[in-house]
Structures are given as structure tokens and as C-alpha cells.
Amino acid sequence: MTRLGIDVGGTYTKWVLLDGETVVGEGTVPTPPDPDETMTFVASLAARRVESIGIGLPGHVDRDTGTALFVPNPPGDWDGYPVGSRLGALTGVPVTVVNDARAFGLAELLLGAARGLPDVLFAVLGTGVGGAVALRGGILVGPRDNLGEIGHVTVSPWGSVCCCGNRGCVETFAGGPGIVRAFGSGSPKEIAEAARTGDGRALGVLSRAGWALGIALGDAAAFFGVGTVVVGGGISGALDLMRSALDKELERRRPLIGEIAVIPAVLGPMAGAIGAALYGRRSE
């Protein structure tokens, strides 16, 4: 029973074929320029006779209708796009549309770093900053699949404008474009490499990212009463460079939130696609 999982990102789209709990195929491509081309690409993968498709989008979705509601980061106009019906018509198999961070959380909860832990926060650092919350062994969803959006916690009311329309969100500090904008050039990977060689400006940018993430995680821990955080995504490789500032924020609030264990995700860059495939399996 092979399931196809898709993780549509602002820059890259990842896919996996899942047989039970085993990944039997995977790949990464630049995200196509619009939703229609993305659907065509996914349909070409589904020609491998998959039993179901799960597709994770970086934004809010209506799971019941499979419609993208607010998906600002990928290229093209996704808002209002009928992902589920369009992809179902192209492939003839069941399609489940979910938020990508909630997909990441499910994968790490069932198969990864949070396996066996009932109550966990998840943070996904990439082009944007996503999040998810697991309580009593299940990922919280909400009517727009919108529970856990730590990337849009305000940490600086007079900060840069975020794609969500707010100012000073965590994402403007700790998402890839925000890190590059603060440094002035390069890529997040190059900035992290510069920081590791002692570049003070790069260290400052990543410390600021850790500060912002620490505020958001502290708020979430206070709200949900959760003591474990799993951090993943493409920017999480620089977590060690953010860690001092992040831990300082959590320590400052320890009398209220207690000890918070921050641990790296273990499923790697395909975690979101794996989680999407798992959600697809649950749709049958």
C-alpha cells in the first residue's frame, strides 16, 4: 500500500513514497511557478499507482473541502485554489490537504524525535516559520488547520512587515528570507558558515533569530503547558548558533513554564512529506 506525500515549500517541493512506515522513494524539485503546474507534477508522481495522496501546504487550508485558504509563500496564487478536487480529478485517488507544519509534527510524533511523547511543541524553520502542537498524543488542527502558528507570534510590534500582514513576527527574524535580509546578502547556509568562522554580524543575525524563536516558544509553552520542543526544517542546521539566545529567553521564564527540552528533529528534510503521506493514509 504505497502512499504519496507532498510538501510544497516556498522554494522547493519535496515528495516521498511511503510503504507502511518505510520511505521507498523520494525527491526534491524547485517549487513550480503556480498551483496548476504543481498539480500536474504531483499527478505525474501519482502515476506510480499510489493508494492515496497527502499534500502539505505552508499556510491555512480547509481540510474538509481540500481548499487552500491562505498560502502566501509558494509562487503563484494559491488562495482559494481547490487543491483536493483538482488533484483528485487528475489522479482518481483520495487526496488529503493539510498544513505543512502539522504534517511535520505528525511525522516526528509518530516516527521521529517525539515518538512516545504525548505533549510536544514543534517548530519548522524554513522559508517561513511553522509550528504545531501535540496534546495527549494528537496534533491539534483547528477550523483552518491553523493551530500552532508560532512563526506569527509578534516579537517586535514595530518590526518588518510579515507576509501575514503583521509586523515583527518571529518569521521576519528566523525565517530564511528574514535572516538574509538582516545580514544583507548570501543564503542562510552561507550566513551560518560565516558565523561558524567568527563573523560577528552573522553571529548577531542568528542570535537575533534565536531570541525571536525563544520568545515564541516561551509564549507557546506558557499557553499549552508543554515541556518539549522539537525543531526542524532547513534552517534548523543553524540551531546551535541560535541556541544561546533561545535558551536565555526560556530560562528567563522558567519560574512559569518550567524546564523546556529543545531537541532537534530526526527525520530530516523529508519530514513534512512523510507526515503528509501519513495524513493521506488516515483519509481512507
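The sections below set out a description of the structure shown in this document. Note that the coordinates shown come from a computational prediction; the quantities given were computed from them, not determined experimentally.

### Describing the overall build of the chain
Stage number 1. Assigned secondary structure in the chain consists of 10 helices and 12 strands.
Stage number 2. A compact globule built from 284 residues should have a C-alpha radius of gyration of about 19 Å, and the chain, at 18 Å, falls within 12% of that.
Stage number 3. Dimensions along the principal axes, computed over C-alpha positions, put the chain at roughly 50 × 40 × 35 Å.
Stage number 4. Within the span of the chain, comprising 284 residues, buried residues form 52% of the whole.
Stage number 5. Considering only residue pairs separated by 6 or more positions, the chain has 63% of its internal contacts joining residues 24 or more positions apart.
Stage number 6. For the chain, the exposed area adds up to about 11,800 Å²; of that, 52% sits on carbon and sulfur atoms.
Stage number 7. Separation of charge centres in the chain, based on 23 positive and 28 negative side chains, amounts to 4 Å.

### Side note on the packing of aromatic side chains
Stage number 1. Taken as a whole and assessed by the stated rule, the structure comprises 4 aromatic pairs.
Stage number 2. Ring geometry for F223 and F224: centres 5.0 Å apart, planes at 80 degrees, overall edge-to-face.
Stage number 3. Judged by relative accessible area, F224 falls into the partly exposed class, the value being 26%.
Stage number 4. Lying across the ring of F183, R201 places its NZ or CZ 4.0 Å from the centre.
Stage number 5. Across from the ring centre of W211, 4.1 Å away, lies the NZ or CZ of R208, which sits over that ring.

### Brief notes about the sheet that holds strand 4 (residues 52-57)
The pairing of strands in a sheet comes from backbone hydrogen bonds and takes either a parallel or an antiparallel form.
Stage number 1. Taken in spatial order, the 5 strands line up as 3-2-1-4-7 in an open sheet, and their pairing is mixed. Two strands lie at the open edges of the sheet, namely strand 3 (22-30) and strand 7 (95-99), each paired on one side alone. Along the sheet, successive strands turn relative to each other by an average axial angle of 15 degrees, direction set aside.
Stage number 2. Two strands pair when backbone bridges link them, and strand 2 (residues 12-19) and strand 3 are joined in this way by 8 bridges, in the antiparallel orientation. Looking at the pairing, L17 lines up with G25 of strand 3.
Stage number 3. The strands touched by helix 2 (residues 83-91) are strand 4 and strand 7; relative to strand 7, the strand with the most contacts, the crossing angle is about 145 degrees.

### Some words on helix 5 (residues 176-183)
Stage number 1. When helix 5 is considered as a whole, its buried residues turn out to be G176, G178, I179, V180 and F183.
Stage number 2. Buried-residue contacts for helix 5 involve helix 4 (171-174), helix 6 (188-196), helix 7 (200-224) and helix 8 (239-252).
Stage number 3. Looking one or two residues beyond helix 5, the residue adopting positive phi is G184, at roughly 105 degrees.

### Examining the environment of I150
Stage number 1. Following the sequence through the fold, I150 ends up in the loop between strand 10 (138-139) and helix 4.
Stage number 2. Among the residues examined, I150 registers a relative accessible area of 8% and is labelled buried.
Stage number 3. Along the sequence, I150 and I179 sit 29 residues apart, while their C-alpha atoms lie 17 Å from each other.

### Here we look at the packing of helix 7 against helix 8
Stage number 1. Across the interface, helix 7 lies against helix 8 with an axial gap of 7 Å and an inter-helix angle of 35 degrees. Judged by the twist between their axes, the crossing of helix 7 over helix 8 is right-handed. Contact residues: helix 7 offers L203, L206, S207, A209, G210, W211, L213, G214, I215, L217 and G218, while helix 8 offers L241, M242, A245, L246, E249 and L250.

### Some words on the environment of L241
Stage number 1. Relative to the helices and strands, L241 resides in helix 8.
Stage number 2. Judged by relative accessible area, L241 falls into the buried class, the value being 18%.
Stage number 3. Setting aside anything within four residues of it in sequence, one finds L241 in contact with A192, A195, R196, L203, L206 and S207.

### Here we look at the environment of V97
Stage number 1. Structurally, V97 can be placed in strand 7.
Stage number 2. Separated by 33 residues in the primary sequence, V97 and D64 have C-alpha atoms spaced 8.6 Å apart.
Stage number 3. Filtering out sequence-adjacent residues up to four positions away, V97 remains in contact with I55, L57, V61, R63, G66, V83 and G84.

Each value, and the rule that gives it
- Within any chain, residue numbers begin from 1 and follow the written order of that chain's sequence.
- Confidence filtering applies because this is a predicted model: local features only for residues at pLDDT of at least 70, side-chain atom pairs given and counted only at 80 or more, and all residues used for totals across whole chains, interfaces and linings.
- Working from all heavy atoms in the structure, the side-chain values ignore hydrogens and water.
- Secondary structure is summarised from DSSP: a helix means a run of H or I of at least four residues, a strand means a run of E of at least two, and numbering begins at the N terminus for each.
- Computation of the radius of gyration draws on C-alpha atoms, with the globule rule given as 2.2 Å multiplied by the number of residues to the power 0.38.
- Relative accessibility thresholds used throughout: buried, under 20% of the residue-type maximum; exposed, over 50%; partly exposed, between the two (1.4 Å probe, protein chains only).
- Throughout, a residue-residue contact means that at least one pair of heavy atoms, one from each residue, lies within 4.5 Å.
- Accessibility throughout is a Shrake-Rupley quantity obtained with a 1.4 Å probe, and a residue counts as covered only by protein chains that appear here.
- Under this rule, positive means Lys or Arg and negative means Asp or Glu; His and the chain ends count for nothing.
- The atoms used to mark charge sites are NZ of Lys, CZ of Arg, CG of Asp and CD of Glu.
- Ring geometry is summarised as follows: Phe, Tyr and Trp rings, the Trp one being its six-membered ring, pair when their centres sit within 6.5 Å, and such pairs are stacked at plane angles under 30 degrees, edge-to-face over 60 and tilted between the two.
- Geometrically, a lysine NZ or arginine CZ counts as sitting over a ring once it is within 6 Å of the ring centre and also within 35 degrees of the ring normal.
- Strand pairing is assigned whenever DSSP identifies at least 2 bridges connecting the two strands.
- Lines fitted to C-alpha atoms define the axes, with helix axes restricted to the stretch in contact, and inter-axis angles between N-to-C directions lie between 0 and 180 degrees.
- By definition, turning the near helix anticlockwise from the far helix through less than a right angle yields a left-handed crossing, and turning it clockwise yields a right-handed one.

Interpretation note: all reported values are geometric properties and have no functional meaning in isolation.
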